[in-house]
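Fold and contact review
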Amino acid sequence: MASLYNEPNWSTKLKTVKENIVQRLAAGSVSWSQMGQKLASYYAKNENFSLTDVWAALIVSNMVNEIDEHKLTEQRANYTNDPYPIYTVIDKQCKYDRLNADVWFEITPDESGYSLPGAFVDSSCLECQFENGKKVKEQPEIDLLYLQGLCGSAIADMEDIIKYLFEALKHLIKIWIAIVRSIERIVHWIWGTTYDYLYGMTVKDIDPSILHSKTREYEDTAALLNSPYFSVLRQERKIDLIISLDFGVGDPFESVVKTAQICKELQIPFPEVVVPVEDVEPQDFYVFRGYSKAPTVIHIPLFNAVNCKGEVEKWKKKYPTFQMSYSDKMIADLLEKAAENIKNNKENLLKETENIISEKKKTCGNI
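Heads up: these notes are all about the structure in this document. (Residues numbered from 1 in each chain as written. Predicted model: local features only at pLDDT ≥ 70, side-chain atom pairs only at ≥ 80, totals over all residues. Heavy atoms only, no water.)

Once that is clear, we can look at the overall build of the chain. Across its full length, the chain holds 14 helices and eleven strands. The proportion of buried residues among the 367 residues of the chain is 44%. Put simply, of all contacts in the chain between residues at least 6 apart along the chain, 65% involve residues at least 24 apart. Total accessible area on the chain is roughly 19,600 Å²; 55% of this is exposed by carbon and sulfur atoms. (Helix = DSSP H or I, 4+ residues; strand = E, 2+ residues; numbered from the N terminus. Buried < 20%, exposed > 50% of the residue type's maximum accessible area, 1.4 Å probe, protein only. Contact = heavy atoms within 4.5 Å. Areas by Shrake-Rupley, 256 points an atom, 1.4 Å probe, with all protein chains shown as cover.)

Encoded structure:
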């Protein structure tokens, strides 16, 4: 997503943008010297240096084959004709404290903050130090390489890593983890450390533990939920339709089912999710119908009975979560499968969208 939005109005030239991204992923490269210089730069400039900086500089740069030093706020005027970009992470401490309403954190070109309570700061100031609502120390704005590292840091969640390593050991899979910086940070597994812009403030609906902490640690949303539902469910956005393009290698309904459960706990309007039990392989189009203030959710599993025709498990194994890079052919094949889901369901998507618009007009007409 970061690569798409570096190109203003990318949706009007999607073919060219796609070709450029595929070419970079398949044939681009970043030297060890460049990665080392970037890591040194992070270390010198970031008072809250953590393993997210290491992950971004040494691993993510190698995965995406570029060091993107653009700032997210540079995109503020670039989405006139494109969908608005929302990057999502979670507050690690809130996850462990089971603060389900406060855990969801979003980062956009304009503002960053806690999606459900609605406590935000200008995105250019996200890394700055605050106390009682006042900026007390300026800090450099994060770049897009760091943002990609932050949003792709599922490894930051120690609970999930222990589970994964345990499963890997059971199957005699040899896993080597090489982290080159700071023994202290490896021991304590410190990721995504950021000054807390809410420190010292009194904010309604925010748990006091957040307000009394000088720093917070953010990590990949996937450590809790592998889909960014809660940022779009933010009350101010008044969402009527969510198109969920599921890409998990596990249960294709896990994210939408879990979202429905959490929404029920937090009393957030969300449709009832009933997963068909008769499907041996998932189909390519599901509609969970909204009601009243609840949005309708269209759910499309990436690998399904239509575009894989009895080979869903084979395709899942072809693209494991922890594979760091794909060949040119693998990238092309994956993009083709994703494109088939949209092409095959174009009429269904248009029909459901028209239904939502029609219902919205009726509702507005009755007000």
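Pairing is mixed in the open sheet, where three strands are placed in the order S9-S11-S10. Each edge of the sheet is formed by a strand with only one pairing partner; in this case those strands are strand S9 (241-246) and strand S10 (286-288). Going across the sheet, the axis of each strand differs from the next one's by a mean of 20°, ignoring polarity. Pairing of S10 with strand S11 (residues 296-301) involves three bridges; the strand directions are antiparallel. Counted as the bridge partner of Tyr286 is His299 from S11. (Pairing = 2+ DSSP bridges. Axes fitted to C-alpha atoms, helices over the stretch in contact; angles between N-to-C directions.)

Right, let's get into empty space enclosed by the protein. Scanning the model with the defined rule gives two cavities of 30 Å³ or more in all. A volume near 40 Å³ is recorded for the largest cavity. Around the largest cavity sit Asp246, Phe247, Gly248, Pro252, Pro282, Pro301, Leu302, Phe303 and Lys316, which together line it. Across the lining of the largest cavity, the residue classes break down as six nonpolar, one polar and two charged. Around the second largest cavity, the lining residues are Thr88, Val89, Trp104, Phe105, Thr221, Pro228, Tyr229, Phe230 and Ser231. (1 Å grid on protein atoms, 1.4 Å probe; cavity = no way out; pocket = protein on both sides within 12 Å on 5 of 7 lines; lining within 4 Å. Points joined across faces, edges and corners; volume = space filled by probe spheres on them. Nonpolar A, V, L, I, M, F, W, Y, C, P; charged D, E, K, R; others polar.)

Taken across its eight residues, helix H6 (residues 144-151) has eight buried, putting it largely inside the fold. Inspection of H6 places Leu144, Leu145, Tyr146, Leu147, Gln148, Gly149, Leu150 and Cys151 among the buried residues, and these make up the whole buried set.

For the second largest pocket, the calculated volume is near 970 Å³. Looking at the second largest pocket, it is lined by 32 residues, and the ones nearest its centre are Lys238, Ile239, Pro269, Lys293 and Ala294. It is helix H14 (residues 346-365) that contributes the most residues to the lining of the second largest pocket, six residues altogether. Taken together, the residues of the lining of the second largest pocket break down into 15 nonpolar, seven polar and ten charged.

Right, let's talk about the pairing of S11 for a bit. The buried count for S11 comes to six of six residues, which makes it a mostly enclosed element. Relative to S11, S9 runs parallel, the two sharing six bridges. Bridge pairing links Ser244 to His299 in S11.

Looking now at the state of the cysteines. Applying the stated criterion to the full structure yields zero disulfides. The cysteine Cys125 is free of any disulfide, with Cys128 supplying the nearest cysteine sulfur at 4.7 Å. Using a relative accessible area of 12% as the deciding quantity, one classes Cys125 as buried. (Disulfide = S-S within 2.5 Å.)

Right, let's talk about the pattern of salt bridges for a bit. Under the counting rule described, the total for this entry stands at 20 salt bridges. Across the pair Glu352 and Arg289 runs a salt bridge whose closest N-O atoms are separated by 2.5 Å. On the criterion of sequence distance, the pair formed by Glu352 in helix H14 and Arg289 in the loop between S10 and S11 is long-range, its members being 63 residues apart. Of the charged contacts in the structure, one is a salt bridge between Lys318 and Asp333, with a shortest N-O distance of 3.2 Å. Of the two residues, Lys318 is situated in helix H12 (residues 312-318) and Asp333 in helix H13 (residues 328-344); the sequence distance between them amounts to 15 residues. Look at Lys318 and you get partly exposed, because its relative accessible area is 30%. Several salt bridges converge on common partners, so that one network encompasses Glu106, Glu111, Arg234, Glu236 and Arg237. (Salt bridge = Lys/Arg side-chain N within 4 Å of Asp/Glu carboxyl O.)

Along the chain, the position of Ser112 falls in strand S3 (residues 111-114). Taking relative accessible area as the criterion, Ser112 reaches 0% and is therefore assigned buried. Leaving out residues up to four positions away in the same chain, Ser112 has contacts with Phe105, Glu106, Ile107, Ala119, Phe120, Val121, Ser123, Leu126 and Tyr197. Of the polar contacts made by the side chain of Ser112, one reaches the side chain of Ser123; its length is 2.8 Å. (Polar contact = N/O pair within 3.5 Å; in protein donor to acceptor, adjacent residues only side chain to side chain.)

What follows concerns the side chain of Ser115. Along the polypeptide, Ser115 turns up in the loop between S3 and strand S4 (119-122). By relative accessible area, Ser115 is classed as buried at 1%. A polar atom in the side chain of Ser115 sits 2.7 Å from the side chain of Glu106. If near-sequence neighbours (up to four positions away) are discounted, Ser115 is found in contact with Trp104, Phe105, Glu106, Phe120, Phe230, Ser231 and Arg234.

It is worth stressing that arrangement in space is one thing and function is another; only the former is reported here.
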